[in-house]
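Here is how the chains run, residue by residue.
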Number of protein chains: 2
Amino acid sequence: MAKQRNTQQRQIIESILRETDHPLLPKELLEIAHQSLPSLGIATVFRALKDLVKEGVAHPVHICCEPTRYEGARDHHHHFKCLDCGTVFDLHSCTGNLESMLPSNFQLLAHDITLFGKCADCTSH
Amino acid sequence: MAKQRNTQQRQIIESILRETDHPLLPKELLEIAHQSLPSLGIATVFRALKDLVKEGVAHPVHICCEPTRYEGARDHHHHFKCLDCGTVFDLHSCTGNLESMLPSNFQLLAHDITLFGKCADCTSH
DNA sequence: ATATGTGCAAAGCATTTGCGGAGAT
DNA sequence: ATCTCCGCAAATGCTTTGCACATAT
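Cut-off values and rules
- Residues numbered from 1 in each chain as written.
- Chains lettered and ligands numbered in written order.
- Predicted model: local features only at pLDDT ≥ 70, side-chain atom pairs only at ≥ 80, totals over all residues.
- Heavy atoms only, no water.
- Least-squares fit on C-alpha atoms with pLDDT ≥ 70 in both.
- Contact = heavy atoms within 4.5 Å.
- Phe/Tyr/Trp six-rings, centres within 6.5 Å; stacked < 30°, edge-to-face > 60°.
- Helix = DSSP H or I, 4+ residues; strand = E, 2+ residues; numbered from the N terminus.
- Buried < 20%, exposed > 50% of the residue type's maximum accessible area, 1.4 Å probe, protein only.
- Pairing = 2+ DSSP bridges.
- Axes fitted to C-alpha atoms, helices over the stretch in contact; angles between N-to-C directions.
- Buried area = accessible area lost by both parts, 1.4 Å probe.
- Salt bridge = Lys/Arg side-chain N within 4 Å of Asp/Glu carboxyl O.
- Polar contact = N/O pair within 3.5 Å; in protein donor to acceptor, adjacent residues only side chain to side chain.
- Nonpolar A, V, L, I, M, F, W, Y, C, P; charged D, E, K, R; others polar.
- Near = heavy atom within 4 Å.

> Mind showing me how you'd approach the relation of the copies chain A and chain B here?
These two copies of the chain differ by a rotation about an axis and a displacement along the same axis. For the pair chain A and chain B, the relating rotation is 179 degrees, the translation along its axis is 0.0 Å, and the fit reaches an RMSD of 0.4 Å. When the rotation and shift are considered jointly, the pair of chain copies conforms to a two-fold rotation axis. Identified as the residue of chain A closest to the rotation axis by C-alpha distance is A:I113, at 2.3 Å. Interface overlap between copies is the fraction of interface residues in one copy that are interface residues in the other; for chain A against chain B it reaches 100%, indicating a shared surface.

> It is not clear to me how the packing of aromatic side chains should be interpreted in this structure. Could you clarify?
When we look at a pair of aromatic rings, we describe it by the centre distance and by the angle of the planes. Inspection of every chain in the model, using the stated rule, returns six aromatic pairs over all chains. Taking 4.9 Å as the distance between ring centres and 65 degrees as the angle between the ring planes, the aromatic pair formed by A:F106 and B:F80 counts as edge-to-face. Of the two residues, A:F106 sits in the loop between β4 (88-91) and β5 (107-118) while B:F80 sits in strand β3 (residues 78-82), which places them in two different chains. The pair formed by A:F106 and B:F80 is uniform in burial state, with each residue classed as buried. Classification of A:F106 by relative accessible area gives buried; the value is 16%. Three or more aromatic residues joined by ring pairs form one cluster here, namely A:F80, A:F89 and B:F106.

> Looking at this model, I keep getting lost on the sheet that holds strand β4 (residues 88-91) of chain B. Mind explaining?
Neighbouring strands of a sheet are bound in pairs by backbone hydrogen bonds; such pairs are parallel or else antiparallel. Read across the sheet, six strands follow the order β4(A)-β3(A)-β5(A)-β5(B)-β3(B)-β4(B) without closing on themselves; strand pairing throughout is mixed. Bordering the open sheet on either side are β4 of chain A together with β4 of chain B, each of which pairs with just one other strand. On average, adjacent strands in this sheet sit at an angle of 25 degrees to one another, irrespective of strand direction. The sheet contact formed by β3(B) and strand β5 (residues 107-118) of chain B spans four bridges and is parallel. Its bridge partner being in β5(B), B:F80 is matched across the sheet by B:L115.

> What is the right way to read the interface of chain A and chain B from this model?
Much of the literature gives interface size as the accessible area that the parts lose upon coming together. Contact residues are listed per partner, giving 36 residues for chain A and 36 residues for chain B. Between chain A and chain B lies a buried interface of about 2,900 Å² when both sides are counted; carbon and sulfur atoms form 67% of it. The tally of links from chain A across to chain B stands at zero salt bridges. The interface formed by chain A and chain B includes twelve residue pairs in polar contact (both at pLDDT 80 or more). Those elements that place two or more of their residues in the side of chain A that touches chain B are β3 (78-82), β4, β5 and α4 (120-123) of chain A. The element contributing the most residues to the side of chain A that touches chain B is β5(A), with twelve residues. Residue classes in the side of chain A that touches chain B are distributed as 20 nonpolar, 14 polar and two charged.

> Which parts of the structure should I look at to understand the protein's contact with DNA strand D?
What surrounds DNA strand D is a group of 21 residues, the closest being A:F46, B:R5, B:Q9, B:T44 and B:R47. The separation between a phosphate oxygen of DNA strand D and a polar side-chain atom of B:R10 is 3.2 Å. Broken down by element, the residue count for the surface near DNA strand D peaks at four residues, all from helix α3 (residues 42-55) of chain A. For the surface near DNA strand D, the class distribution of residues is six nonpolar, eight polar and seven charged.

> Before we go on, may I ask you to explain the pattern of salt bridges in this structure?
Residues and elements named next belong to chain A. Using the criterion set out here, one finds 13 salt bridges over all chains in the structure. Residues R10 and D51 are paired through a salt bridge, measuring 2.5 Å at the closest nitrogen-oxygen approach. Residue R10 is located in helix α1 (residues 8-19), and its partner D51 is located in helix α3; the two are separated by 41 residues in the primary sequence. What you see here is one network of salt bridges that share partners, running through E66, R69 and K81.

If you want it as structure tokens, here you go:
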């Protein structure tokens, strides 16, 4: 892979991912980035995200029937989507014992867990 | 909701879902259906799937960066995707203790778990 | 100086929708 | 006979790509 250039647009995209505590849609990321760089195009956002995922700096987050969101790489964690308000929260613990779900001779390399329900705010209303 | 008609195309689509033991892409479903009804169109597949999901007869399955698959309604289960051959398998057990992942005052209503790795066939090669 | 990155616009897919005609009731 | 469903083709929304120019090295 060729050497990567340190452009203004990549810096902005990386820093937004780093500073945001929940996964973002490419469109949302673009809107935030437009505050510092109005000329930024959506194609650049997709190209940067693809590269950052390849480098392990960003992770794709797939939820239900919606377009892929992206978040900065952090500790291993999963997500909770509130069915009332739609917000996606990070969850910071992880259940064990997933191996027990596998048929024999299957090898477990990774897993996705997404929980759905009502967040604290929506539960209290 | 208006009364649903019992057309040949819906019968075929339902029976394919019922007889297949893993989730199918709309495109794959269409190809199988073409064997019994070559004139079937993809729009009809999408319309039928949307109705069947609403009726609870089919479930959408979301995996990674791929288009939504669909499967007939069965017992609660999850999925395993082989990273080598791409096949999606049903898993018939389910881990407990997901509640422990939640922040306080969050209410758990549903969950998705997808495991990734190598299936028995690909492990042995 | 040179090769990579960018913005724009066009292309590609997956999915949805409008419409006139076919088929189920 | 009527009203829903179908197939087709056009439209939509998200994502990718080609190209000419800009810019980091």
